[in-house]
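Each chain is listed here by its residues.
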Amino acid sequence: CVGIFLNLCLFAGKFIAGTISNSIAIVADAFNNLSDAGSSVITLVGLKLAGQKPDTEHPFGHGRIEYISGLIVAAAIIVMGVELFRSSVARIFNPDEMYFSILSVIILVGSILMKTWMFLFNRSLGKRLDSAAMLATSTDSLSDCVATAVVLLSLLLWKITGINIDGIAGTIVAIFVFVAGVQAAR
């Protein structure tokens, strides 16, 4: 529940920041957080179902459901990576003017700090519960930190130099998201 709430907050904040600054990379990062919220719902349901006691149809229990939920999380991350890649590459060839906002910088820095905390929390919980789904979620949180840092650097580069690498930053975010999905699937 914590991950769902925090990812919805991050989505809202980044969507506002992306709209203010007209940045495809920030908006892509926002939708990545929205997919993380959906993934957290799937993980939560998977953990709940995996904890059911054995029955006549499942004499060894329902523990494998957790692996399936982890795979669903990984698939969602991969699909989001592909979609972000597609829209970001389009922005490379058709760049839009960006607008700098200190609010956007504050939101991105806050996001990096929050996702770092989520990584540590999910990793600790995943190890304690021996949960593949929680460990996959922690990996995604870590990749989100890196992706958001790239987005922040591109915004600051644009402000300082006037060089617009928004589409390139969005593409880098997409690659991080895709790789995190593949690693989570493993």
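Because the structure is a prediction, the values reported are computed rather than measured.

Caption draft 1: Up close: the confidence of the model for the chain. Per-residue confidence for the chain averages 86 on the pLDDT scale, and 96% of its residues sit at or above 70. By mean pLDDT, helix H2 (residues 24–50) is the weakest element of the chain at 80, and helix H4 (residues 102–129) is the strongest at 94.

Caption draft 2: Fine view of the packing of aromatic side chains. The final tally for this structure, using the stated rule, is four aromatic pairs. Residues Trp117 and Phe121 carry aromatic rings whose centres are separated by 5.0 Å and whose planes lie at 15° to one another, so their mutual orientation is stacked. Separated by four residues within a single helix, Trp117 and Phe121 lie in helix H4, roughly one turn from each other. A relative accessible area of 43% places Trp117 in the partly exposed class. Note on Phe121: relative accessible area 34%, which makes it partly exposed. Ring-pair connections join several aromatic residues into one group, and the members of that group are Phe11, Phe15 and Phe31.

Caption draft 3: Examining the state of the cysteines more closely. All chains considered together, the criterion is met by zero disulfides. Note on Cys145: no disulfide assigned, nearest cysteine sulfur contributed by Cys9 at a separation of 16 Å. Exposure remark for Cys145: the relative accessible area of 9% places this residue in the buried category.

Caption draft 4: Summary view of the environment of Lys14. One can find Lys14 in helix H1 (residues 2–21). Using a relative accessible area of 0% as the deciding quantity, one classes Lys14 as buried. In this structure, the C-alpha to C-alpha distance between Lys14 and Ala132, residues 118 residues apart in sequence, is 28 Å. Contact partners of Lys14, with chain neighbours within four places excluded, come to Ile26, Asp29, Ala30, Asn33, Ile107, Ser111 and Thr148.

Caption draft 5: Here's a closer look at the side chain of Ser101. When you line up the elements, Ser101 lands in the loop between helix H3 (64–93) and H4. Here Ser101 falls in the buried class, since its relative accessible area comes to 11%. From its side chain, Ser101 meets the backbone nitrogen of Leu103 in a polar contact 3.1 Å long.

Caption draft 6: The nonpolar core, seen in detail. Ranked by internal contacts, the top residues of the largest apolar core, which has 24 residues, are Ile26, Leu84, Leu108, Val151, Leu155, Val173 and Val177. Those elements that provide at least two residues to this core are H2, H3, H4, helix H5 (132–161) and helix H6 (166–185). Ignoring sequence-local partners within four residues, the contact set of Leu108 consists of Ile26, Thr148, Val151, Leu152 and Leu155.

The rules behind each value
- Residues numbered from 1 in each chain as written.
- Predicted model: local features only at pLDDT ≥ 70, side-chain atom pairs only at ≥ 80, totals over all residues.
- Heavy atoms only, no water.
- pLDDT = per-residue confidence, 0-100.
- Helix = DSSP H or I, 4+ residues; strand = E, 2+ residues; numbered from the N terminus.
- Phe/Tyr/Trp six-rings, centres within 6.5 Å; stacked < 30°, edge-to-face > 60°.
- Buried < 20%, exposed > 50% of the residue type's maximum accessible area, 1.4 Å probe, protein only.
- Disulfide = S-S within 2.5 Å.
- Contact = heavy atoms within 4.5 Å.
- Polar contact = N/O pair within 3.5 Å; in protein donor to acceptor, adjacent residues only side chain to side chain.
- Core = buried A, V, L, I, M, F, W, Y, C linked by side-chain atoms within 4.5 Å.

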